[in-house]
Amino acid sequence: MPAKVLLLAGSVRSGSFNVSLAQAANKVLAEMGAETTMISLGDYPLPLVDEDLKSEKGVPENAVRLARLFAAHDGLFIASPEYNSSIPPLLKNAIDWVSLAPKDIKAYAGLTVALGAASNGALGGIRGLYHLRSVLMNVGAQIVTEQAGISRAATAFGEDGLPADERQLKMLQNTCRSLLENLTEGRARS
Ligand code: FNR
């Protein structure tokens, strides 16, 4: 059975560099034999996490849908922007809501996650990934060591959608390979 990998970006901005990075990872993972699904968080609008809201109305349906999607995949690739050296609120809010979904949905347990970041800056937004890594570890996911930082992102992607720079492409390929090598056997595949 091929590995099932979900991909998402922590941005819904038109022309988002991180959507481009997620698309590039999608291509690399598919070439490596994975069965991939790419989603936009824009299709899962959520209110800001609020425990009163949860008490009154329960976990929003979109958070439950996301949790079920996470549970139905072996791996997750997240391409996240860096906002002031940390996680963009769109992504943190989604991660938090999913962590509040009913516990019988195994959204995070055994989920292997690979991270990437794209920014027009010189560091590619990788400082934010330390925080993202920590949050995902806290909810029970396992995160691969390799990560892909795409700097100077406005001009980084070639016509084929992949990073044009050899070093950046290798980094993305290594990150995707590590994701596939570190999946939990039997999680979503049957
Ligand atoms: C940013 N941006 C940014 N970039 C960076 O490299 N390091 C940073 O700390 C920040 N901080 C930051 C804070 C806020 C509030 C915003 C809105 C933006 C710039 C950011 O990387 C840039 O807008 C990216 O293009 C966002 O990713 P997408 O939307 O292109 O995927």
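Since we're looking at a predicted model, the values are computed, not measured. (Residues numbered from 1 in each chain as written. Predicted model: local features only at pLDDT ≥ 70, side-chain atom pairs only at ≥ 80, totals over all residues.)

(A) How the structure looks around the UniProt feature "domain: NADPH-dependent FMN reductase-like" (unreviewed entry) in the protein. When the UniProt feature table is mapped onto this chain, "domain: NADPH-dependent FMN reductase-like" (unreviewed entry) is found at residues 4–153. Annotation note: span residues 4–153, helix share 37%, strand share 22%, distance between end C-alpha atoms 27 Å. (UniProt positions renumbered as here; feature names shortened; annotations may be inferred. Helix = DSSP H or I, 4+ residues; strand = E, 2+ residues; numbered from the N terminus.)

(B) Summary view of the site of the ligand. Lining the immediate surroundings of the ligand are 14 residues, of which Ser11, Asn18, Pro81, Ser119 and Gly121 lie closest. The residue inventory of the shell around the ligand, partitioned by class, reads three nonpolar, nine polar and two charged. (Near = placed C-beta within 6 Å. Nonpolar A, V, L, I, M, F, W, Y, C, P; charged D, E, K, R; others polar.)

(C) Structural context of the sheet that holds strand S5 (residues 142–150). One open sheet accounts for five strands, arranged S2-S1-S3-S4-S5; its pairing is parallel. Each having just a single partner strand, strand S2 (35–40) and S5 make up the two edges of the open sheet. Within this sheet the neighbouring strands show an average axis-to-axis angle of 20°, counted without direction. Sheet topology places strand S3 (residues 75–79) next to strand S4 (residues 112–118); five bridges connect them, and they run parallel. Bridge assignment links Leu76 to a residue of S4, and that residue is Val113. (Pairing = 2+ DSSP bridges. Axes fitted to C-alpha atoms, helices over the stretch in contact; angles between N-to-C directions.)

(D) Molecular detail of the packing of helix H3 (residues 61–71) against helix H4 (residues 89–99). Viewed as axis vectors pointing N to C, H3 and H4 meet at an angle of 80°, and their least axial separation amounts to 9 Å. The pairing of H3 with H4 is recorded here as roughly perpendicular in orientation. On H4, the residues that touch Ala63, Leu66, Ala67 and Phe70 of H3 are Ala94, Trp97 and Val98. Among the residues forming the contact of H3 with H4, the class breakdown is seven nonpolar, no polar and no charged. (Parallel < 35°, antiparallel > 145°, perpendicular 65-115°, else oblique. Contact = placed C-beta atoms within 7 Å.)

(E) Inspection of unusual backbone geometry at higher detail. Even without being glycine, Asn84 reaches a positive phi, approximately 45°. Mapped onto the elements of the fold, Asn84 is located in the loop between S3 and H4. Judged by the 8 C-beta atoms lying within 10 Å of it, Asn84 falls in the exposed class. The phi dihedral of Ser85 is positive, around 65°, even though this residue is not glycine. When the 12 C-beta atoms within 10 Å are taken as the criterion, Ser85 is described as exposed. (Buried ≥ 20, exposed ≤ 12 C-beta atoms within 10 Å, placed from the backbone.)

(F) Molecular detail of the nonpolar core. Of all hydrophobic cores here, the largest spans 56 residues; its most connected members are Ala22, Ala25, Phe70, Phe77, Ala79, Val98 and Val113. The element that contributes the greatest number of residues to this core is helix H1 (residues 17–31), accounting for eight residues. Ignoring any residue separated from it by four or fewer positions in sequence, one finds Ala79 in contact with Ala9, Gly10, Asn18, Leu21, Ala22, Ala25, Gly116, Ala117 and Ala118. (Core = buried A, V, L, I, M, F, W, Y, C linked by C-beta atoms within 7 Å.)

(G) The arrangement of the confidence of the model for the protein in detail. On average, the protein scores 97 in pLDDT, and the residues at 70 or more come to 99%. Scored by ipTM, the complex comes to 0.98, with pTM at 0.98. (pLDDT = per-residue confidence, 0-100.)

(H) Local environment of the pairing of S4. Burial within S4 is extensive, with seven of its seven residues counted as buried. What you see with S4 is no split at all: Thr112, Ala114, Gly116 and Ala118 on one side and Val113, Leu115 and Ala117 on the other are buried throughout. In terms of handedness, the path from S3 via H4 over to S4 forms a crossover that is right-handed. Inspection of the sheet shows S4 paired to S5 by six bridges, in the parallel sense. Looking at S5, one finds that Val113 is bridged to Ile143. For the crossover that starts at S4, traverses helix H5 (residues 127–138) and ends in the parallel S5, the hand is right-handed. (Right-handed = clockwise from strand over helix to strand, strands pointing away.)

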